[in-house]
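# An overview of the molecular structure
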Amino acid sequence: MTFPTALWCRSRRDGALCTRPRGHAGLHNRQGTSQMWSDVEADPAACPGGGSAAQPAPLLPNGFPGGRALCPVCSDFVALDNGAVVPHDTFRGAVDGAEAANRAAWFNTVGWN
Ligand SMILES: [Zn+2]
Ligand SMILES: [Zn+2]
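Residues numbered from 1 in each chain as written. Chains lettered and ligands numbered in written order. Predicted model: local features only at pLDDT ≥ 70, side-chain atom pairs only at ≥ 80, totals over all residues.

Across its full length, the chain carries one helix and eight strands. Counting helices and strands in the order they occur from the N terminus, the chain gives β-β-β-β-β-β-β-β-α. Seen through its principal axes, the chain has C-alpha atoms that stretch 45 × 30 × 20 Å. The proportion of buried residues among the 113 residues of the chain is 13%. Residue pairs in contact within the chain that sit at least 24 positions apart in sequence constitute 45% of those at least 6 positions apart. (Helix = DSSP H or I, 4+ residues; strand = E, 2+ residues; numbered from the N terminus. Buried ≥ 20, exposed ≤ 12 C-beta atoms within 10 Å, placed from the backbone. Contact = placed C-beta atoms within 7 Å.)

Written out as structure tokens, the structure is:
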């Protein structure tokens, strides 16, 4: 089963996510707002948190997130290389239900700190 958020475009500008379907034509739009933007105006996909020093996140009993660290910028779980977050795209929502459930459990257990 595909997780619903995987079907969204999810371009973002100034942190506002596009709520149109993936692959749509025309401008990006945040539903319920007057915000519209083009690909040129969209935020770059690469997260500025790449290269930040980080520690592996505490593990849940099921092993999640498997040695990844919580990105200090976008709050995605990202692999580490020599104690630094590897380059990655800004988190735009979990792409599958298992990841979403594990993220929810992790934040409920470990919390934001
Ligand atoms: Zn869009
Ligand atoms: Zn990030």
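The discussion continues.
Our focus in this paragraph is the domain arrangement of the chain. With domains assigned, the chain is organised as domain 1 (4-37) and domain 2 (44-113). Measuring from the centre of the C-alpha atoms in domain 1 to the corresponding centre in domain 2 gives 23 Å. (Domains from an automatic or database assignment.)

Next up on the list: the nonpolar core. With seven residues, the main nonpolar core is built from C47, A69, L70, C71, F77, V78 and V85. Elements with a contribution of two residues or more to this core: β5 (69-70) and β6 (77-78). Excluding residues within four positions of it along the chain, F77 makes contact with A57, P65, R68 and L70. (Core = buried A, V, L, I, M, F, W, Y, C linked by C-beta atoms within 7 Å.)

Along the polypeptide, N62 turns up in the loop between β4 (36-37) and β5. Counting along the chain gives 40 residues from N62 to N102, while the straight-line C-alpha distance between them is 9.0 Å.

Residue P65 is bonded to the preceding F64 through a cis peptide linkage, with omega at 0 degrees. Here P65 lies in the loop between β4 and β5. At S75, a position not held by glycine, the phi torsion is positive, near 65 degrees. Along the polypeptide, S75 turns up in the loop between β5 and β6. For N82, which is not glycine, the phi dihedral falls at a positive 55 degrees. Relative to the helices and strands, N82 resides in the loop between β7 (80-81) and β8 (84-85).

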